[in-house]
Amino acid sequence: MKNKLFRFKIVWGIIFAIFILAGGYPLYRHRHYSVQLICGPGVTEIKKLSDYFPPLKDTMADTTIFVLQGKEPGGKALILANTHSNEPEGMLAVTIMIEKAVVEKGTLYLIPFFNHSGGVNTRPGEGYPLYFSIPTPWGKKTFRMGNRDASPLDQWPDPDVYIHYPEKQMLSYLDIRNTNRTWPGRKNGLPMEQVTYAAMELLRKEKVDLAIDLHGAETMFPVTNCIVAPEKSMRIATLASLTVKSMEGFENHLESSPSKFRGLSHREIGDYSDTLPFLLECPIPFLDQPTGPKTEKLLLDGKDSFLLSLAKKKKLFVPYDQSGWPIEKRVGQHLSVILEIIKQYSRKMPARAIVIKDVPRYPELVKNGVGYYFSDPTKVDPKKIVNQ
Amino acid sequence: MLVQTLFISLIIILAFVVAKWKKLSVELSLFTATLAGALSGAIFATPPLVEIPRQLVEGSFTYLDVVLVFFTATLFIAIIQESGGIDFAVRSTVVYFSRQRFLALFLLMIIVLIPGALTGAGSVSLLVVGAPVALALRGLGVSDNKIPAILFILAGLAAAAPPVNIWAMILCAGTAIPYVGFELPLGLPVIILGTITILILGRRQQERGQLDEFLSKIKLTPGMNWFRLLIPFVVFFALVIIYRLFPFSFPILGLPLEFLIASLAAYFLSPKKLNLIKIASSTVEKLLPLLATMVIVGMLQQIMAASGVKGLISYAVLIIPLGLLFFLLPFIIPISEGVLTYGGAAIIGIPLVWYLNSLGYHATIVISGLSLLWPLGDGLPPTALIGRLSAIVSGYEGNYWRILKEAWLPWIIITVTGILMILFSSKLSFLVIS
């Protein structure tokens, strides 16, 4: 009897171990998977965030900054993507800029994986795919699907409530790992507070004029398909919004940055530096709660019959039809709005102008797709490849 | 897609029912339902068959932090119990307050509310003070059936009480509404509803003889005193409060470590020698069903999301006409909590708040009203987290449904209050001071 029980336990122990290995190994691989980024002709320097705050060096919180400096001096802009790594449109837009943009005047600082730890994290309970692939003329380019928050492997434990620095506002305990709640950051804080602190150091030391933080939001969320800006950035945001609507035909309404909601980039960057902040939101049906299965297909084409039904009942905040909200439309919107904000600023401040060329805009993205702009890594100089 | 997700939902329900019919435990029945959901989802590659182990392992981590808090908090209270602290506290409290019964009940209510209000978890209230309060209630003549009912309702209200309300925080994080101005919309109803609860469930006193008999049964451990008893609690609350007072200079320890530090204080202050390994083992043994439920609910939630069932639930709620929705909310909200625990707030709560907000309802009051309904679901199967903990800490061994039956009147009053708050949210906006 005793032997029988022992054998039973051994058999189930082995089954359990196989199950853990089969389920755990893909998660391990995801954490160590590198995305290949290809430096285009415009990249003049590659830096790390830790160059602005050395304690981040050799940690999972450190991330790569691609610098694109023009021949002529001018203004400077920082573009952040993957602040929330489950909103990959911004990261794809920045990846295209790294490959294609050429700066003639001024300087661009591009950070494709701002919350790097969040990019190697997954989202338990949400059933996300681990990766997504963009079809290209030469095959597929595969990216990690990350999480909104940094990995607990890199920052843990969480407090029972997160108290924002320096405003002391109480926020959800999870938000202490959310790099869009930890601005303006804290020198002696937790890793994600240090990430935003390092970014603030970059803004201050390099005297950056514009900071654009790229996001995505649910179609049922009122703050989607928009530019969020504080008072000081609102004029430029308004001109950019009106221009893309009239010239390129897509809506991108304006949202005012609430002064009582702390920790967000569009609030704190403006309050704690001279930089003008903007936060761009494009709609991601994948993030909505009332959708079908959370598949790679839904992430890429944004087509969902539940959302379509809710759109007919006028319960969404964006126009939604059979065509869904495909990735090329979302990436295209981000690129066009970025370019327009920079253009409007350059018009207002000619001495600090930034002139960029060769970045595709919304109509080209919709026509050609995202993958059209990615080069085949097997056919470029290996020195031009950066693994992230 | 509707047919596909409905099919998977039916398989999940059917598997759970069959497993229960075959007399499997709640945890194994939930696991069976999860596996059935994953396999039926794999027919449509949602999730693909090869991904099922990854989805299950990933989902099992959804409530890891809750599992750690449950274990460390229960270990803490088990050490206090083994050292004779609980018997001492109960005897002293009952002897001192037995002549001022309402005051005693009111103080016990406040004692239950504080840990949950500070941490956002009703379970922490029960794990830290549930056992001594249950004994104190018994000493005050509250009947054995009503004690777990009182604890269940009060622990739920504790979780809803400010400053930390996890449901409200999840909703605020998901809807980009600042978590400010909740003190009155949450604090006032919690105090009023808590008082009503103890008046309804605790007003009847059993015969006086019961008290003397009860006191004679309690054996006091030599050497136990207020100092030895209170210092571990002081250590715990000091660690919780000190972070709030000095958030930028005091390190973040997290609730599990805070409970472990308090446990060490209790261990070293115990008047008798304790076997820590033995206490930890029996704690794990006692909590295993609850911890297993949390792990498996995380897996179930993951499979429901990957297969579209989670989205179907959210969609089903959103297509209900507004009038009918208000009528159904008292059922939908607690049931979502019973099935998905905090996941219910994300799946149903976030789109609901956006929807109601777009119709002119005041978001902060709506969230507060919903926050009163969610804790009720913690008494509902399959998880029934707070309900089951209430039974465990009060030593109740009767039929579980009896606890809910005893709590029916406070349940209805809380429900009506929550719904009225949502309906008249605009008129109650004066409560929001930020």
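Higher on the page you've got the structure.
Because the structure is a prediction, the values reported are computed rather than measured.

Asks: With reference to specific residues and values, describe the overall build of chain B.
Replies: Of regular secondary structure, chain B possesses 21 helices and zero strands. Against the 2.2 N^0.38 benchmark of 22 Å for 434 residues, chain B shows a C-alpha radius of gyration of 22 Å, consistent with a compact globule. With respect to the principal axes defined by its C-alpha atoms, chain B has extents near 65 × 50 × 50 Å. Here chain B, with 434 residues, has 56% of them falling under the buried criterion. Taking the contacts inside chain B whose residues are at least 6 apart along the sequence as the reference set, 82% of them involve residues at least 24 apart.

Asks: So what's going on with unusual backbone geometry? Residues and values would help.
Replies: Across the chain, the bulk of peptide bonds are trans and the bulk of non-glycine residues have phi less than zero. Following Trp156 of chain A, the chain continues into Pro157 of chain A via a peptide bond in cis, with omega recorded as 5 degrees. Within the secondary structure layout, Pro157 of chain A lies in the loop between strand 7 (139-144) and strand 8 (162-163). Cis geometry is adopted by the peptide bond preceding Pro166 of chain A, which originates at Tyr165 of chain A and carries an omega value of 0 degrees. Mapped onto the elements, Pro166 of chain A comes out in the loop between strand 8 and strand 9 (170-171). Positive phi is not limited to glycine here, since Ala45 of chain B has a value of about 60 degrees. For Ala45 of chain B, the location among the structural elements is in the loop between helix 2 (26-42) and helix 3 (52-59). For Ala45 of chain B, a count of 13 C-beta atoms within 10 Å puts it in the partly exposed group.

Asks: Could you give an account of the nonpolar core, with specific residues and numbers?
Replies: In this structure, Ile79 of chain A together with Leu151 of chain B are the most contacted members of the largest nonpolar core, which totals 261 residues. Residues from two domains meet in this core; each of domain 1 (1-59) and domain 2 (64-161 + 181-286) of chain B gives at least three. Apart from the residues lying within four places of it in its own chain, the contact partners of Leu151 of chain B are Val112, Leu126, Gly130, Val133, Ala134, Ser390, Val393 and Ser394 of chain B.

Asks: Kindly report on the pairing of strand 4 (residues 72-80) of chain A, identifying the contributing residues and their values.
Replies: Residue and element names in this part refer to chain A. For strand 4, the buried fraction is high: seven of the nine residues fall into the buried class. When strand 4 meets strand 5 (residues 102-111), the two strands line up parallel, connected through six bridges. By the bridge assignment for strand 5, Ile79 is matched with Leu110. Sheet analysis places strand 4 next to strand 10 (residues 210-217), joined by four bridges and oriented parallel.

Asks: Kindly report on the packing of helix 6 (residues 101-119) of chain B against helix 7 (residues 122-139) of chain B, identifying the contributing residues and their values.
Replies: Residues and elements named next belong to chain B. One way to put it is that helix 6 packs onto helix 7 with a least axis distance of 8 Å and a crossing angle of 170 degrees. With respect to each other, helix 6 and helix 7 are oriented roughly antiparallel. Taking contact as the criterion, the partners of Leu108, Ile111, Val112, Pro115, Gly116 and Thr119 in helix 6 are, on helix 7, Gly122, Val124, Ser125, Val128, Val129, Val133, Ala136 and Leu137. When its residues are assigned to classes, the contact of helix 6 with helix 7 shows ten nonpolar, four polar and no charged.

Here is what the cut-offs are and how they apply
- Residues numbered from 1 in each chain as written.
- Chains lettered and ligands numbered in written order.
- Predicted model: local features only at pLDDT ≥ 70, side-chain atom pairs only at ≥ 80, totals over all residues.
- Helix = DSSP H or I, 4+ residues; strand = E, 2+ residues; numbered from the N terminus.
- Rg over C-alpha atoms; globule rule 2.2 N^0.38 Å.
- Buried ≥ 20, exposed ≤ 12 C-beta atoms within 10 Å, placed from the backbone.
- Contact = placed C-beta atoms within 7 Å.
- Core = buried A, V, L, I, M, F, W, Y, C linked by C-beta atoms within 7 Å.
- Domains from an automatic or database assignment.
- Pairing = 2+ DSSP bridges.
- Axes fitted to C-alpha atoms, helices over the stretch in contact; angles between N-to-C directions.
- Parallel < 35°, antiparallel > 145°, perpendicular 65-115°, else oblique.
- Nonpolar A, V, L, I, M, F, W, Y, C, P; charged D, E, K, R; others polar.

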